[in-house]
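Structure at a glance
Below, each chain spelled out in residue letters.
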Amino acid sequence: MNCCSKKKMINNNVSNRSTPISQTTVNQEYFDFVEACGNIADESTKNTNAIGLRKLHANVNRFSVFEEAPPFMEKYFNVVEETYQALQTSNTVGIWKTYCPADFQMVKINIARGSTCKIHLVMHKKSGFIGVLKVMPPNKMAEARTELNVLTMARENPFIIRLMDGFLCENYYLFLEYAPFRTIDHLTQAVRGLGSDGSRLYALEVICALQFLHERRIIHRDVKPENVLILLSGHVALSDLGSSIMLEGNTILNRPCGTYVTRPPEVWNKQSYSTPVDIWELGMSLFNMIANSWPIVHPNKEKQIALVTNGKIVFTEVFKEQATDIISQMLQVDPSKRPTCTELLRHEYFESLREPYAPPYTPSQLFSIFDYGDEGRVIQELISKIEKKSSF
């Protein structure tokens, strides 16, 4: 028997299904999901041997390690913002400032897709600081305010994308840290799956981000590979916090969240939910990162709900035992049985990680995977600067 054909099925069904969200004639969510996958897969790669890239130490040591604590950053950095902040008349981050287009030079328009926003690569003229400008229309005021508030709170957390400033001038503008190496979704498809070992550090860093949010009673509500950005250092940061919610009580009632393939059973079934929805979404995302496929996806919405609520997950041999175990725990149908972020950080899946916590791919290797077009020159210059800095 071909070893790749061996499969392990785990049934996490521990709750009865209640009335699902009503089914529509056309499952637009599924078609949107398929289209998004196709757009990413169609992006050209520069290195067809990306799967075989060796694991090397990163040029930037992002962490300090302390006993009995998860790794975190000694200095927040991945980007250098001191010059930019020194030029601001007000150093207060977290309030809307007046946007002045003349302060920025457009480097590249629309570097990423967004269903409700535009994302541009810009340079602050006086400081030379390169960042991302996320532009949201006036009717997205609630999402813009939420993202500004949460990112302001999370500025010192290395696992959440860093906010530089917020501007207001008819539209809402968030000036953010530049993550040049696309998303984990892009990388996963480019290398046809990261495997159990290649996904380990990325998963740890996302859990650290969620732990920070959950300790402050914030639910992300849209954890997926598309929202995990790959930074200049090769490490990752959680992004897109516009749909996040701060808990006022113990649960949030009947508010849809997640995408078609990551949505947990309690949301499909219109039940109340809390922080465990992020754990389910992370479990689905980790499965995808390892295997480059989703554990549950069906074009018929009613059948999709039935499969999610049933809780049966099939693991092939690409999943090592520890990876199978941690994903199985995260994908418990009963949200009360899913582990917390603190419990996940103690899981044996992460025991093999050691300082200096080198990402699976160095910045130079990540640069070789995709065709970055007009961004290529900018990224090369940033890589050169970071390599020079690390050589001292």
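The structure we're discussing is the one just above.
Residues numbered from 1 in each chain as written. Predicted model: local features only at pLDDT ≥ 70, side-chain atom pairs only at ≥ 80, totals over all residues. Heavy atoms only, no water.

**Quick look at the overall build of the protein**
For the record, the criterion: The numbering of helices and of strands both runs from the N terminus, where a helix is a DSSP run of H or I of at least 4 residues and a strand a run of E of at least 2. Buried residues are those whose accessible area, probed at 1.4 Å on protein chains only, stays under 20% of the maximum for their type, while exposed residues exceed 50% and partly exposed ones sit between those limits. By definition in these notes, contact holds between two residues if any of their heavy atoms fall within 4.5 Å. Note that accessible areas follow from Shrake-Rupley with a 1.4 Å probe, and for residues the cover is restricted to the protein chains shown.
Scanning the protein from N- to C-terminus turns up twelve helices and twelve strands. The burial tally for the protein puts 54% of its 392 residues in the buried class. Taking all contacts inside the protein whose residues are at least 6 apart in sequence as the whole, residues at least 24 apart take part in 72%. About 18,300 Å² of surface is accessible on the protein, with carbon and sulfur atoms providing 50% of the total.

**Considerations on the packing of helix 5 (residues 195-215) against helix 7 (residues 276-291)**
Rules: Helix axes are fitted only over the stretch in contact, all axes being lines through C-alpha atoms; the angle between N-to-C directions runs from 0 to 180 degrees. By definition in this entry, angles of less than 35 degrees are roughly parallel, angles greater than 145 are roughly antiparallel, angles of 65 to 115 are roughly perpendicular, and the rest are oblique. Each crossing is labelled by how the near helix is turned from the far one, with a counterclockwise turn of less than a right angle marking it left-handed and a clockwise turn marking it right-handed.
Between helix 5 and helix 7, whose axes approach to 9 Å, the crossing angle comes to 160°. Relative to helix 7, helix 5 is oriented roughly antiparallel. Read as a crossing pair, helix 5 and helix 7 show a hand that is right-handed. For the pair formed by helix 5 and helix 7, the contact residues are Gly 195, Ser 196, Ser 199, Tyr 202, Ala 203, Val 206, Ile 207, Leu 210 and His 214 on the first element and Asp 278, Ile 279, Leu 282, Leu 286, Met 289 and Ile 290 on the second.

**Observations concerning the packing of aromatic side chains**
To keep things clear, this is the line we draw: Pairing of aromatic rings covers Phe, Tyr and Trp, the last through its six-membered ring, and needs centres within 6.5 Å; plane angles under 30 degrees mean stacked, over 60 mean edge-to-face, and all others mean tilted.
All chains considered together, the criterion is met by 15 aromatic pairs. With 6.0 Å between their ring centres and 25° between their planes, Tyr 99 and Phe 104 make a pair best called stacked. Consider the rings of Phe 181 and Tyr 372, whose centres lie 6.3 Å apart with planes at 70°: the pair is edge-to-face. With Phe 181 in the loop between strand 7 (171-176) and helix 4 (184-190) and Tyr 372 in the loop between helix 11 (363-369) and helix 12 (375-391), this pair connects stretches of sequence that are 191 residues apart. Both residues of the pair, Phe 181 and Tyr 372, count as buried. In textbook terms, an aromatic cluster arises when at least three aromatic residues are bridged by ring pairs, as seen for Tyr 99, Phe 104, Phe 129, Phe 167, Tyr 173 and Phe 175.

**Some thoughts on the sheet that holds strand 6 (residues 163-169)**
The criterion, for reference: Whether two strands pair depends on DSSP finding at least two bridges between them.
Pairing is mixed across the open sheet formed by six strands, whose spatial order is 2-6-7-5-4-3. Every other strand in the sheet has two partners, leaving strand 2 (96-98) and strand 3 (104-112) as the edge strands with one partner each. Along the sheet, successive strands turn relative to each other by an average axial angle of 35°, direction set aside. By the bridge criterion, three bridges tie strand 2 to strand 6 in an arrangement that is parallel. Residue pairing across strands places Lys 97 opposite Phe 167, the latter belonging to strand 6. Contacts from helix 3 (residues 141-153) reach strand 2, strand 5 (130-136), strand 6 and strand 7, with the element oriented near 25° to strand 7.

**Notes on unusual backbone geometry**
Omega for the peptide link from Glu 355 to Pro 356 comes to 15°, which places this bond in the cis form. When you line up the elements, Pro 356 lands in the loop between helix 10 (341-345) and helix 11. Although it is not a glycine, Arg 192 adopts a positive phi angle of roughly 60°. With respect to the helices and strands, the residue Arg 192 is situated in the loop between helix 4 and helix 5.

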